[in-house]
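# Overview (structure and organization)
One letter stands for each residue in the lines below.
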Amino acid sequence: MTSKPPKGHFNILYFARAGSFTTKNVEALPAPLPLSKLFATLEERYQGIKETVLDNSLVTVNLNYVDMPGGEDGETGDEEIVIQEGDEVAIIPPLPWKCVM
């Protein structure tokens, strides 16, 4: 179980390659933060993470999968998701597939 983030922050959980890249499993980031700025914020902290990890990762906010704004069409959607104090965000990179016989 993850501890509660400090006041004015949200937790971000890093799984698989994301955790290896950041050398962390969890960290607290200041809230509120528009979802559309999450990847840029992480890129500022961990140069190269966007191209190496984030561009192919799934993202959840409070256990709900979310579509990252600014996809191929550049649209941000009708309603901007804002990550709030106390929220839990997860970065879930694809796992390498191995066929076991």
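Everything below is about the structure shown above.
Note that the structure is predicted; figures quoted are calculated from it, not measured. (Residues numbered from 1 in each chain as written. Predicted model: local features only at pLDDT ≥ 70, side-chain atom pairs only at ≥ 80, totals over all residues. Heavy atoms only, no water.)

### Points about the environment of K4
The cut-off we apply is this: Going along the chain from the N terminus, every DSSP run of H or I of four or more residues is numbered as a helix, and every run of E of two or more is numbered as a strand.
Summarising the element assignment, K4 is placed in the segment before β1 (9-14). It is 9.1 Å that separates the C-alpha atoms of K4 and A28, two residues lying 24 residues apart in sequence.

### What to know about helix α2 (residues 38-45)
The condition that has to hold: Residue burial is assigned from relative accessible area. The probe radius is 1.4 Å, only protein chains are included, and a residue is buried under 20% of its type maximum, exposed over 50%, and partly exposed in between. To obtain the arc, one takes the directions from the helix axis to the C-beta atoms.
If you check which residues of α2 are buried, you get L38, F39 and L42. What you see down the axis of α2 is that its buried residues fit within an arc of 95°, all on one side.

### Here we look at the pattern of salt bridges
Rules: Within this document, salt bridges are pairs made up of a side-chain nitrogen of Lys or Arg and a carboxyl oxygen of Asp or Glu, the two lying within 4 Å of each other.
Counted under the stated rule, the structure contains 3 salt bridges. Among the ionic pairs, R45 bridges to E27, the shortest N-O distance being 3.3 Å. On the criterion of sequence distance, the pair formed by R45 in helix α2 and E27 in strand β2 (residues 26-30) is long-range, its members being 18 residues apart. Here R45 falls in the partly exposed class, since its relative accessible area comes to 43%. The exposure class of E27 is buried, given its relative accessible area of 8%. One salt bridge in this structure joins K50 and D55, with 2.7 Å as the shortest N-O distance. Salt bridges linked by common partners bring K24, E27 and R45 together as one network.

### Digging into the layout of surface pockets
Definition in use: Site definitions follow a grid-based scheme: protein atoms alone, a 1 Å grid, a 1.4 Å probe that fits but cannot get out for cavities, and for pockets an open set with protein on both sides within 12 Å along at least five of seven lines, plus lining residues having an atom within 4 Å of a point. Grid points are joined across faces, edges and corners, and a volume is the space filled by probe spheres set on the points.
The computed volume of the largest pocket comes to approximately 230 Å³. Along the wall of the largest pocket there are 16 residues; nearest its centre are F39, D55, M68, P69 and G70.

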